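Breakdown of the fold
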Amino acid sequence: MNQPSGTILEGDSRPRRDEAQEGPSNLLEPHAMGMSLARMDGAAKIMGTAPYAFEHRLKTPAYLHPVQSTIARGRIRNIDTRAAESVAGVIAVITHETASRLASDENKELWVLQSDEVHFRGQFVAAVIADTLEAARHAADLVRVDYHTMQHDVTLRAERGDLYAPKAVNAGYPTDTEQGDAEAAFATAEVKVDSIYTTPMEHNSPMEPHTTVALWEAPTLTLFDSTQSVHSVRSTVAKTLGLEVAQVRVVSPYVGGGFGSKGEPHAHNVLTALAALRVPGRPVKFALTRQQMFCVAGYRTPTIQRFRLGATRDGRLTSIIHDVVELTSRFREFAEQTAVPTRLMYASANRRTRHRLAALDLPKPSWMRAPGETPGMFAGEVAMDELAVACGLDPVELRVRNEPERDPESGKPWGNRHLVECLREGARRFGWSRRDPKPRQRSEAGWLIGSGVASSTYPRYVLMGSRATIRFGSDGRYVVRIGAADLGTGTWTTLTQIAADALGCPIEAVKLEIGDTELPNATVAGGSSGISSWGWAIVAAARELRRRHGARPSPGAEASAETPKEAGDETYAQHSFGAQFVEVRVNAETGEVRLSRMLGVFSAGRIINPRLARSQFIGGMTMGLSMALHEEAVVDERFGHVINHDFAGYHIAAHADVASLDAIWLDEVDERSTPMGSRGIGEIGIVGAAAAVANAVYHATGKRIRDLPITPDKLLS
Ligand code: MOS
């Protein structure tokens, strides 16, 4: 297979295979794994024949356009739908007075059109169903909503008196941790860093907007959806509507990105289902507009982080204190796990981490690529750079000096920690040794040039509950079935490679089926757990097939298996690591920052498909530089909504913002992680990227920007 140009495989320089004794995973022999296959769905996508949620061919679809609240908090007094109903082509207008009753309000985000309460500006308060999108949109404008407005509060400040400690933070981590006496150790430290870092509200911006097409043919509800998990959409929507799980089918073969924002159902799923109930037998289509995505698709909470580091003069950490303030919606809690990576990155006898939340009249924050690690490692890795400056130490050397022998929090041995190798290999390839340790030393034609480094990390997750079925067909091919998702990451291709190795057959002999609840249960494409969890189920099913039917099964032979229990083995602290190196040029007159070079070096276990993996890594790095330099949702406190709710105002990195980006990886097989020897790679690329940019900007200019994004005004002030 061809290697895409620019990919550097590490097989030449540092092959490594950790001597896992009896690894839990019973490692697979790689043949198909490791090949840089092009995406199997690539041609269909290029030619427009791969149906995205909106594009499934259905007879006489109707179209939905929502009416959104114009207040941030209050009650609906009255809704007048008469003018909307008289528009030609309008089939129905549904409101909280006329929509079907839902069965469960366990998830308040999904409690759609059930009451007169308004929790945030942009909430769905009605929906028009019409024969055309244009009629629906026009009629939605004619719906008159009369509100009883209440005082709203959307201001995040660290000084708020009503901050509270959630019971746990996202993914179930403890809210607070403490080891030793961090305050006392900080007070007496020889060298100190004490800084506040802030990150703004950020929005996932997948190319395909969130879309649901719903068809109610009693007793079955079919949803053509754009989702990271067909099975969780099915179970959640069924529960919310009071249907049996078997009554709901979710179909999602191709997805145009998600980054976490499609990891759980949102209000649009339920709104579209409610509309479908109103027009039995007729599919109802609803694709969010880009502006609507800034209200109802989740976002990354803004954070205010105080980071304190205490160290000896030679740069050995004695105290790490990370205090996080962030927000949640008042109607449903989401607590980003921002301080969690601080618990494992560096050695220190004394350490404290803490999360506090402000409950505000805003939409619910949710998952965005590496929730927790992304904002938390921005603060932590800039703080480490500040400490390196304070100690007069090279920032790579400072990190190496504080490498913990075991997981500082749990005391467990590391499964595969290769941070130091990533830092050293990256430094070598990036030309780090030529760097002048002092800031503001290089310039060229009015541009200040500097470089920065930051570490990266992401946990190895394997989720329980996926099942794969494999059937040998009369055509000599194996049909591999699992309800997995391909967000555009390459699942169609990589799961086929894994199945081929698990079955010991050529790639052409595997026929994969994913993206449908008719297929066996699959867990979410989230937490970078997809390939690990689904791949393990496929390996287990293949082994079961061989055990029962041998190497030459008869047509019709079939086997099925789940991700096995040993996937949950927690003997080791298992995480991926990486190092991000960045060079920037900063215009001395205008403060414009141009990223000229970026290198990510990652340790993530076996790389199943180098071409697709590289795309994941550099995609994450691009999102990270976008966070560093561009992305910021600005909430108008008077009205409670995001003012810059489109791509004119909410800037994401475009091609012109991205110069020379490269990602490489250690040649590694992680026998402790999965039978493939792999760990997930979807999220680690973003982690640390923004800190590396900020550190490079400091090195170029001598100015320490602790408040993202790094815009010219901050450099000029
Ligand atoms: Mo990712 S934010 O876990 O989909």
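Summary of the structure given here.

1. Considerations on the overall build of the protein chain
The helix and strand inventory of the protein chain stands at 15 helices and 28 strands. Taking 2.2 N^0.38 as the reference for a compact globule, 717 residues should give roughly 27 Å; the C-alpha atoms of the protein chain span a radius of gyration of 26 Å, in line with that estimate. Here the protein chain holds 717 residues, and the buried ones make up 62% of them. Contacts in the protein chain between residues far apart in sequence, at least 24 positions, make up 82% of those at least 6 positions apart.

2. With respect to the environment of S560
Looking at the secondary structure, you find S560 in strand β22 (residues 558-562). A C-alpha to C-alpha distance of 35 Å links S560 and V169, two positions 391 residues apart in sequence. With near-sequence residues (within four places) excluded, S560 lies in contact with R467, A468, T469, A541 and E544. A polar atom in the side chain of S560 sits 3.4 Å from the side chain of T469.

3. Observations concerning the packing of helix α8 (residues 373-391) against helix α14 (residues 689-701)
Following both chains from N to C, one finds α8 and α14 inclined at 35°, their axes separated by 8 Å at the closest point. As for how α8 packs across α14, the hand of that crossing is right-handed. Together, M377, F378, E381, V382, D385 and V389 of α8 and A690, A691, A694, N695 and Y698 of α14 make up the contact between the two elements.

4. Considering the nonpolar core
Counting 84 residues, the largest nonpolar core has L309, L387, F581, V584, F617, V693 and I710 as its most contacted members. Judged by nonpolar contacts, the second largest core, of 44 residues, contains A32, V255, V510 and A542.

5. Remarks on the side chain of K714
Here K714 is to be found in helix α15 (residues 712-716). For K714, a relative accessible area of 18% translates into the label buried. Engagement of the side chain of K714 in a polar contact is seen with the backbone oxygen of D707, the distance being 3.1 Å. K714 has contacts with I705, D707, L708 and P709, leaving out every residue within four places of it along the chain.

6. Let's talk about helix α10 (residues 419-430)
An ideal rise of 1.5 Å per residue puts 16 Å on 12 residues; α10 measures up with 16 Å between its terminal C-alpha atoms. Most of α10 sits out of view: 9 of its 12 residues are buried. Every buried residue of α10 is listed here: L419, V420, E421, C422, L423, E425, G426, A427 and F430. Of the residues trailing α10, G431 is marked for its positive phi of about 80°.

7. Considerations on the pattern of salt bridges
Summed over all chains, the structure comprises 49 salt bridges. As a salt-bridge pair, R306 and D194 come within 2.7 Å of each other at their nearest N and O atoms. Remark: D194 occurs in strand β9 (residues 191-199) and R306 occurs in strand β14 (residues 303-311); sequence separation between them is 112 residues. For R306, a relative accessible area of 31% gives the class partly exposed. One salt bridge connects R354 with D323, and the closest N-O pair in it is separated by 3.3 Å. In this pair, R354 is assigned in strand β16 (residues 350-360) and D323 in strand β15 (residues 317-329), connecting sequence segments 31 residues apart. Residue class for D323 comes out buried when judged on its relative accessible area of 12%. If you follow the salt bridges from partner to partner, you end up with E183, R308, D323, R352 and R354 in one network.

Reading the values: the criteria
- Residues numbered from 1 in each chain as written.
- Predicted model: local features only at pLDDT ≥ 70, side-chain atom pairs only at ≥ 80, totals over all residues.
- Heavy atoms only, no water.
- Helix = DSSP H or I, 4+ residues; strand = E, 2+ residues; numbered from the N terminus.
- Rg over C-alpha atoms; globule rule 2.2 N^0.38 Å.
- Buried < 20%, exposed > 50% of the residue type's maximum accessible area, 1.4 Å probe, protein only.
- Contact = heavy atoms within 4.5 Å.
- Polar contact = N/O pair within 3.5 Å; in protein donor to acceptor, adjacent residues only side chain to side chain.
- Axes fitted to C-alpha atoms, helices over the stretch in contact; angles between N-to-C directions.
- Left-handed = near helix turned anticlockwise from the far one by under 90°.
- Core = buried A, V, L, I, M, F, W, Y, C linked by side-chain atoms within 4.5 Å.
- Expected span 1.5 Å × (residues − 1).
- Salt bridge = Lys/Arg side-chain N within 4 Å of Asp/Glu carboxyl O.

Shape descriptors only; they carry no functional weight alone.
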